[in-house]
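Per-entry structural report
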Amino acid sequence: MEKLVALIPLFPALGFLCITFLGKNMSKTAVGTLATAMVGISFVLASLVFSTQLHEGHATMVKVFDWIHVGTFKVDISFIVDPLSSLYILFITGVGSLIHLYSIGYMHEDEGFNRFMSYLNLFVFFMLLLVLGDNLLLLFVGWEGVGVCSFMLIGFWYKDHANNDAAKKAFVINRIGDLGLLLAMTLIFIQCGSLNYNDLMISGGDIASLGKWTTLAAILLFIGAMGKSAQFPLHTWLPDAMAGPTPVSALIHAATMVTAGIYLVARFSDLFAMSEMASQVVTWAGVITAVMGASIALTQNDIKKVLAYSTVSQLGFMFAALGMGAYSIAVFHVVTHAFFKALLFLGSGSVIHAMGGEQDIRRMGGLKNHMSITYWTFLIGTIAIAGIFPFAGFFSKDQILAHAMENNLTVFVLLMLAAAGTAFYMFRMFYLTFHGKFRGTHEQEHHLHESPATMTTPLIVLAIASTIGGFIGFPHAIGESLHVHHWLDHFLSGTVVAAHSHLDATAEIILALVAMGVAGGMIYFAYNTYVSRGINALEDEEINSGLHKLLLKKYGFDELYDNIIRKPIDYIASGLHHWVEDKALMNIVDGSGSSVKGIARLLQGLQNGQIITYLLAMIGGLIALLFLI
Amino acid sequence: MIALAIFSIPLLLSLLLFNSRSNSNKLALTGLMTTLVVAIVGKVLQSYGHIISLDVPLIDTIGFHFSLILDGPAFVMVLLTLIAGIGILYSIDKEIQNANRFYAWSMMMIAAMLGAFMAADALMFYLCYEWALIPIFFLILKWGHGEHLSKITMRFFLYTLFGSLFMMLSLLYVHQSMAHPTFEMNAMWEAGKALTAGQQGWVFAGLFIAFAVKMPVFPFHSWQPSTYDHAPIQGTMLLAAIMLKMATFGLVRWALPMVPAGIEEHGQWAIYLSVISVIYASLMALTQKRLKLMIAYSSVAHVGMISAGVLSNTDQGTVGGLFEMFSHGILAVAMFAVYQMIESRVGHDRMNEMGGIRTSAPSFAFLFFILVMGSVALPFTSGFVGEFLLLQSLSNTGLGLAALAGLSVILGAAYMLRGFQKMMLGGKAIAFSALSSKETMILSIAVIIVIALGIYPNILIQLIQNIL
């Protein structure tokens, strides 16, 4: 059964090739169906592979062919099937096929429809390579591949340079992370002699030979993760990436690609568990990102920007969990987050679709009467991310908080703050969008409608997943008293370093109640402000408070990086160009200018003369002579 | 004898073309394709045990042999020379004045470079290395353009000629250290290794300066941008795709096996210089406003990486270096062909003044984008395999050095994507006619090679490793 795994990335790749080369002669429906079906087939295969893993749960390698063999350096195109990768491929293809289906409706009017579907297929292919590769180098192939797809899809509407700038920013910032990952690879290979997970961790344990380099290797890997998963200080590209069409934001910039960093750290949990310092770095980057993202989201008025900062913040939660050693819980949050965040993005797409492209929640309001499926599913997504029992986000977030409480009280308080902020900004957005009076134009109001079935079906499926998805990771302590195992933790225990919470059932229940109480309070606060009192969010020019302005400007990171990185580099480069390249080097070379000219005249004279013919005759004669010998 | 045929078919054609008025393009292309077939057949025969190398003593008193071999590295470079050569001559899109002479010089240059790649005699390598300079000198002077053409051509000519003197001195130094002096390759290697580390260091310094000028490496590169700029485009392609590889190949063939201790103990400065060159050239590329110059500086950055990785003297460095030479050669032809396609349609190559070409020519944009990705070393392109192995090799010298050279990963993405965006994307769509079938063919074949070698690099790696 494991052999099937090689086919899983193949189908989306075929879809990409078919649409690219044969798409011109196909109808939009055919292209959309083909692209969705390819990911759908992969989903079926992934389910089969996953179900065998449920029974066996050990790692199997499936080699396809030799890739790069140079001396002792041997890396193959080879896949790993184990609990971690099979869980990832399951939700990638599952959420992926739903988003493909949704795109058929969402992108139907777009002239670049074929291009869009082919890029999505290509993305799924690379994402599957990323998680299925049995070595770091193949992971890197997927890693860079999804980066390029992300680049092409952020700048999908390439006629507007704002989109192209966002795409370029995403790619270049990601490359900073990629350099970290590249260096981590070279370091690991030099010290351990292999890049295969099997040699390094699963059966070999060679990762231990890193010795004094352990922390450095872990931090370099984490720099890679920071780029891809938009962690502070490399987080600035993700909100800009919302320039891409909304299904892209759902698939790439919420559910799958941005969680590759969590996959990387979880995959190397053996390494991170060995370095206390690296783990601390991971924790704090995560905590800072979680708090920062949540605080910025409080002030954003673009429906997609709120969700983008929310994603940044939620990814921060996951890294905080990783840093505290709760690897399986971070992966758990990846899965539940994939459900509810994909749902929220697709829901926002449905809203944007109905609003004729409007994304500012200050111009919305009262949409619940016009689009009930979107309204109800969006509500489920919002409750799930706010962390209300029994929706999916509750379980995963609660366990991250439980771990924080045990490990570090400061971390716990900060994460609790971020969680409270999450509940508030999500319901702020929700109420401003769906409740109250409509604040847009008459034309928009007239145009309001529920989206077609290709778009609402994925919403419904994802809403169901967001409702019950949390039960795969029932809290340990409560679970035991209720005789429900922490199924996911158990399932992943063969792959990632296991971490159990030592809180007893009472403490865990109290924590859950406190967390929900805080979230409930925040929801009430949002309701009171935006529904009962009917207050609209401030227009930009009405904002007086300094803190508010700072948040609205996203703490000014873009300006800061522009001033301390981009401008100095440009300055140095043009300085070198002027002083070294054009002045210094040229003067040295042409110092003896007159003599150069003299010889030039001499050699130019040769050109028309007989000397060349002599030269050629000589060489020809030499060759002829050689033949005779 | 097959090795001799590979060398002499282009040479004889060159002589023929000097005295012919026939359709030179077809003749030259047919000749190169025949040579390519001969080379491949020869390699197959060799694998069945046939002897295809050639060793003819020419001047016994100094041990000078006319000696050609076709081992792994030589074969890969021969393949590159012929494939790139075919692409270069095929890419000519307009009438050339004195076409037969133009082709004759090009074929002679190709012959000289083939000689340098197959040479198993140090003096023969040196002679071919120098000889290749004469045809390109006339190609640039006669078919180039621009105001200061003769000055620029002379600067290029004298600069590289001057650099090569140091190689001559180094080779002679090793040569005279022998009891029975000979320039034969293995004897030179042994004699070089027998020197003390200090002596080897000096020999290496001489070799490296010669190669550094040709590659080029900062600060010996100042002849390059203006030469690339004013040369006829086919001349630029010959320089970037093949000629500079004689220098990087020289590091692999002559420097590493002959003076390994000199490199390790006294030659680290060359690695530092190469890394500086990578960053410097990337920064220069960042400041360029013109496509042709951007490609030229990007080439300097790639070559610096080859130099740094190869000099770190590991299996990955040598193989990765040769792999990257091949990959870079193909990409250089393709990128300059892209330049030619844009320049001939738009009339200039100032990137800021273009935009929206993608709207008018989507398939061109698609092919160009893949080449850009190859050039920024994206995995599953040939550029990645070479650069990764080189970086891996460089890390053995120092992880910090690898990190510095690795900055080109970021800078390369920045300038390449910026250029692509300015020319190809945006709302302002300039008129741009669709590619001709010939142009599509050139770019498609390059793209196929770049991707095929990215996904299945082992085929080239195995060819390279025949002797390693």
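Not measured: the values here are computed from a predicted model. (Residues numbered from 1 in each chain as written. Chains lettered and ligands numbered in written order. Predicted model: local features only at pLDDT ≥ 70, side-chain atom pairs only at ≥ 80, totals over all residues.)

What follows concerns the confidence of the model for chain A. Residue and element names in this part refer to chain A. Of all residues in chain A, 90% have pLDDT values of 70 or greater, and the mean over the chain is 85. Taken as a whole, residues 480–485 scores under 50 in pLDDT and shows 5 contacts with residues more than four places along the chain or in a different chain. Throughout residues 607–611 the model reports pLDDT below 50, and contacts reaching past four residues in sequence, or to other chains, amount to 3 contacts. (pLDDT = per-residue confidence, 0-100. Contact = placed C-beta atoms within 7 Å.)

Attention now goes to the environment of Met 167 of chain B. Residue and element names in this part refer to chain B. Checked against the element boundaries, Met 167 lands in helix H7 (residues 149–176). Among the residues examined, Met 167 registers 27 C-beta atoms within 10 Å and is labelled buried. Taking the C-alpha atoms as reference points, Met 167 and Gly 206, separated by 39 residues in sequence, lie 5.3 Å from one another. With near-sequence residues (within four places) excluded, Met 167 lies in contact with Tyr 126, Gly 206, Leu 207 and Ala 210. (Helix = DSSP H or I, 4+ residues; strand = E, 2+ residues; numbered from the N terminus. Buried ≥ 20, exposed ≤ 12 C-beta atoms within 10 Å, placed from the backbone.)

Residue and element names in this part refer to chain B. At a minimum axis separation of 9 Å, helix H2 (residues 24–47) and helix H4 (residues 99–118) run at an interaxial angle of 15°. Taken as axis vectors, H2 and H4 run roughly parallel relative to one another. In the packing of H2 onto H4, the handedness of the crossing is right-handed. Contact residues: Ser 24, Asn 25, Ala 28 and Gly 31 in H2; Ala 99, Asn 100, Tyr 103, Ser 106 and Met 107 in H4. (Axes fitted to C-alpha atoms, helices over the stretch in contact; angles between N-to-C directions. Parallel < 35°, antiparallel > 145°, perpendicular 65-115°, else oblique. Left-handed = near helix turned anticlockwise from the far one by under 90°.)

Before going further, it helps to spend a moment on the nonpolar core. Ala 342 and Leu 415 of chain A together with Met 118 of chain B are the most contacted members of the largest nonpolar core, which totals 420 residues. Among the domains, domain 1 (1–178 + 231–257) and domain 2 (302–539) of chain A are the pair contributing at least three residues each to this core. Apart from the residues within four sequence positions on either side, Leu 415 of chain A is in contact with Val 287, Ala 290, Phe 317, Ala 320, Ile 400, Leu 401 and Ala 404 of chain A. (Core = buried A, V, L, I, M, F, W, Y, C linked by C-beta atoms within 7 Å. Domains from an automatic or database assignment.)

A few words now on unusual backbone geometry. Residues Phe 232 of chain A and Pro 233 of chain A are joined by a peptide bond in cis, for which omega reads 5°. Position of Pro 233 of chain A among the secondary structure elements: in the loop between helix H8 (214–228) and helix H9 (237–240). A cis amide bond links Met 215 of chain B to the next residue, Pro 216 of chain B, at an omega of -5°. You will see that Tyr 555 of chain A, though not glycine, has its phi angle at about 65°, which is positive. Its location among the elements puts Tyr 555 of chain A in the loop between helix H24 (546–552) and helix H25 (557–589). With 15 C-beta atoms counted inside 10 Å, the residue Tyr 555 of chain A sits in the partly exposed group. The phi torsion at Asn 313 of chain B lies on the positive side, around 55°, for a residue other than glycine. Its place among the elements puts Asn 313 of chain B in the loop between helix H14 (291–311) and helix H15 (315–346). We classify Asn 313 of chain B as buried; it has 20 C-beta atoms within 10 Å.

Right, let's talk about the interface of chain A and chain B for a bit. Taken together, the contacts link 51 residues of chain A with 52 residues of chain B. Looking at the side of chain A that touches chain B, the elements that each hand over two or more residues are strand E1 (60–70), helix H5 (136–154), helix H6 (161–192), H25, helix H26 (593–608) and helix H27 (611–628) of chain A. Among the elements that make up the side of chain A that touches chain B, the one with the highest residue count is H6 of chain A (15 residues). A breakdown of the residues in the side of chain A that touches chain B according to their chemical character gives 30 nonpolar, 12 polar and 9 charged. (Nonpolar A, V, L, I, M, F, W, Y, C, P; charged D, E, K, R; others polar.)

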